[in-house]
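Here's the letter readout for the chains.
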Amino acid sequence: MLFNSYPFIFLFLPVVLFGYFALGRRSHILLPVSISFYSFTQIAFLVDAYRGNVARYALPHYALFVTYFPHLIAGPILHHKDIIPQFERADAKRPDPHLILCGLIIFGIGLFKKTGLADGIQPLVALAFGQATPSFDQAWIGAPAYTFQLYFDFSAYSDMAIGMSLMFGIFLPLNFNSPYKATSIIEFWRRWHMTLSQFLRDYLYIPLGGNRRGRVLRYLNLMITMLLGGLWHGAAWTFVAWGALHGAYLCINHAWSYFAPKPGLRLAPLARLAAFVLTFLAVVVAWVFFRADSMAQALSILSKMADPTRIVFGGAEIAKAALIALYAVIAWFLLNTQEIMGYDHRNRTVGEHLRAVPMRPWFLYASAAALAFGILGIQQHSEFIYFRF
């Protein structure tokens, strides 16, 4: 079952939400519900387990192990640090209409990102990755298309998860903060997949020594951390190359910040623009390795992107390039979800600007339209990209 499916939106979510509060908001009921959600489309595995199929019998055991083991070892730590209250509002013991409304709006924005943006740009990715020898312009359309499609897809999933959690009175941490607005790779990793970035920092980079043992070892620790971050996505050389590239980017970024002279006041805007463009291009190049099926395909696409001698750029390519430009405008210049909704995970507040003034009709209409277009745009089968990881 997917977040962006009619059974989930119109049946599973309303029933669980109603039952959760009807039973007195007992959080332990969310565990069996979550397992049911996870295994909904894998009923065949459970049937085979019942029939004694040993090969598939391991899956339910693995799911339960992954579910319970972190709680088993982390329970005392969580209670000691009093972490649990960080995710819940103290006054959310009963349904909060404000949180439910804000959750619906954020869920609707996420659904629109998935069905209206991510799914809409997905066919353009094949221009670079779906043919053996793309032209210069086709490679430069397909690679940014994947760059934007991946962001809107993953950001949509995160928004929908945050929106649903709000309906239950739970505040999840942010995962994205307009990463393509970054003007450095350091800033990019503070904005992109923020929960993974924090995990890599806290459980790999800092235990390795972080920046406490000099610049040389700091760069080595960065490379090791990002290489392992690449392998976390899968055991493939393309993921290793993606991690190595970002590790090298971070080392260069830190070295440049330390050794390079600061631009003067008059040149600062130009320097910032150049840093923004360079950062985005570096991210696009790395995503080519991340998306490619093999190192050979990645290197082939990058070679086409560096070879302007073969250009098609007919009417179809112009229209597709214009669509890419539209996605760039959305990602670079518009407010992100948390800015629109005033979502503050640390202080457990959301939509406070909506409380202070009467709800403006245009805002409600826009939110309803986003939810409606998102629902109408649901396809029969459109998985989120990060499901494979």
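Placed above this text is the structure.
Residues numbered from 1 in each chain as written. Predicted model: local features only at pLDDT ≥ 70, side-chain atom pairs only at ≥ 80, totals over all residues. Heavy atoms only, no water.

**So, the packing of helix α10 (residues 237–259) against helix α11 (residues 268–291)**
Two numbers describe how α10 lies on α11: the axes approach to 7 Å, and their chain directions differ by 160°. Looking at the two axes, α10 sits roughly antiparallel to α11. The two elements α10 and α11 cross, and the hand of that crossing is left-handed. In this structure, α10 contributes Thr238, Phe239, Ala241, Trp242, Leu245, His246 and Tyr249 to the contact, and α11 contributes Ala282, Val283, Val285, Ala286, Trp287, Phe289 and Phe290. (Axes fitted to C-alpha atoms, helices over the stretch in contact; angles between N-to-C directions. Helix = DSSP H or I, 4+ residues; strand = E, 2+ residues; numbered from the N terminus. Parallel < 35°, antiparallel > 145°, perpendicular 65-115°, else oblique. Left-handed = near helix turned anticlockwise from the far one by under 90°. Contact = heavy atoms within 4.5 Å.)

**Overview of the environment of methionine 167**
Topologically, methionine 167 is positioned in helix α6 (residues 136–167). Linking methionine 167 and proline 95, residues 72 residues apart in sequence, is a C-alpha distance of 7.8 Å. In this view, methionine 167 contacts Leu13, Leu17, Phe21, Leu99, Ile100, Gly103, Leu104 and Phe107; residues no more than four positions away in its chain are not counted.

**Re a nonpolar patch on the surface**
On the surface, a nonpolar cluster with roughly 540 Å² of combined accessible area is contributed by Trp140, Leu267, Leu270, Leu273, Val277 and Leu281. Broken down by element, the nonpolar patch gets its largest block of residues, four residues, from α11. Relative to the elements of secondary structure, leucine 281 occurs in helix α11. Residue classification places leucine 281 among the partly exposed positions, given a relative accessible area of 36%. (Patch = residues over 30% accessible without salt bridge, like charges linked within 9 Å, V, L, I, M, F, W, Y side chains within 5 Å. Areas by Shrake-Rupley, 256 points an atom, 1.4 Å probe, with all protein chains shown as cover. Salt bridge = Lys/Arg side-chain N within 4 Å of Asp/Glu carboxyl O. Buried < 20%, exposed > 50% of the residue type's maximum accessible area, 1.4 Å probe, protein only.)

**A look at empty space enclosed by the protein**
Applying the stated criterion across every chain yields a total of two cavities of 30 Å³ or more. In this structure, the largest cavity spans a volume of roughly 80 Å³. Lys113, Ser155, Asp159, Phe176 and Gln338 are, among the 14 residues lining the largest cavity, the residues nearest its centre. Listing elements by their share of the lining of the largest cavity, those giving two or more residues are α6 and α14 (337–341). Per-element accounting of the lining of the largest cavity gives the leading share, five residues, to α6. Taken together, the residues of the lining of the largest cavity break down into four nonpolar, eight polar and two charged. Counted as a void, the second largest cavity has a volume near 40 Å³. In terms of lining, the second largest cavity is formed by Ile106, Asp159, Ile162, Leu174, Thr337, Gln338 and Tyr343. Going through the elements one at a time, α6 and α14 are the ones with two or more residues in the lining of the second largest cavity. Of the residues in the lining of the second largest cavity, the class split is four nonpolar, two polar and one charged. (1 Å grid on protein atoms, 1.4 Å probe; cavity = no way out; pocket = protein on both sides within 12 Å on 5 of 7 lines; lining within 4 Å. Points joined across faces, edges and corners; volume = space filled by probe spheres on them. Nonpolar A, V, L, I, M, F, W, Y, C, P; charged D, E, K, R; others polar.)

**Some points on helix α5 (residues 97–129)**
The α-helix advances 3.6 residues per turn, and as a result positions three or four apart in sequence lie on the same side. Look at α5: 46 Å from first C-alpha to last across 33 residues, which is about the 48 Å you get at 1.5 Å a residue. The sharpest bend along α5 comes to roughly 35°, located at proline 123. Its side-chain oxygen 2.9 Å from the backbone nitrogen of histidine 98, aspartate 96 forms the N-cap of α5. (Expected span 1.5 Å × (residues − 1). Bend = angle between axes of the 7 residues up to and from the residue. Polar contact = N/O pair within 3.5 Å; in protein donor to acceptor, adjacent residues only side chain to side chain.)

**Describing the layout of surface pockets**
Estimated volume of the second largest pocket: approximately 780 Å³. Lining of the second largest pocket is provided by 20 residues; of these, Thr183, Ser184, Asn253, Trp256 and Ala275 occupy positions nearest its centre. Breaking the lining of the second largest pocket down by element, the ones donating at least two residues are α10 and α11. In terms of residues, the lining of the second largest pocket owes the most to one element, α11, which gives eight residues. The residue makeup of the lining of the second largest pocket, split by class, is 13 nonpolar, five polar and two charged.

**Re the side chain of threonine 279**
With respect to the helices, strands and loops of the structure, threonine 279 is situated in helix α11. For threonine 279, a relative accessible area of 7% gives the class buried. If sequence neighbours within four positions are ignored, threonine 279 has contacts with Ala182, Thr183, Ser184 and Ile185.

**Let's talk about the packing of aromatic side chains**
In the structure shown here, the tally under the stated rule is 33 aromatic pairs. Considering the side-chain rings of phenylalanine 276 and tryptophan 332, the 5.2 Å spacing of their centres and the 80° angle between planes classify their relative orientation as edge-to-face. Residue phenylalanine 276 is found in helix α11, and its partner tryptophan 332 is found in helix α13 (residues 315–333); the two are separated by 56 residues along the sequence. With a relative accessible area of 17%, phenylalanine 276 lands in the buried category. (Phe/Tyr/Trp six-rings, centres within 6.5 Å; stacked < 30°, edge-to-face > 60°.)

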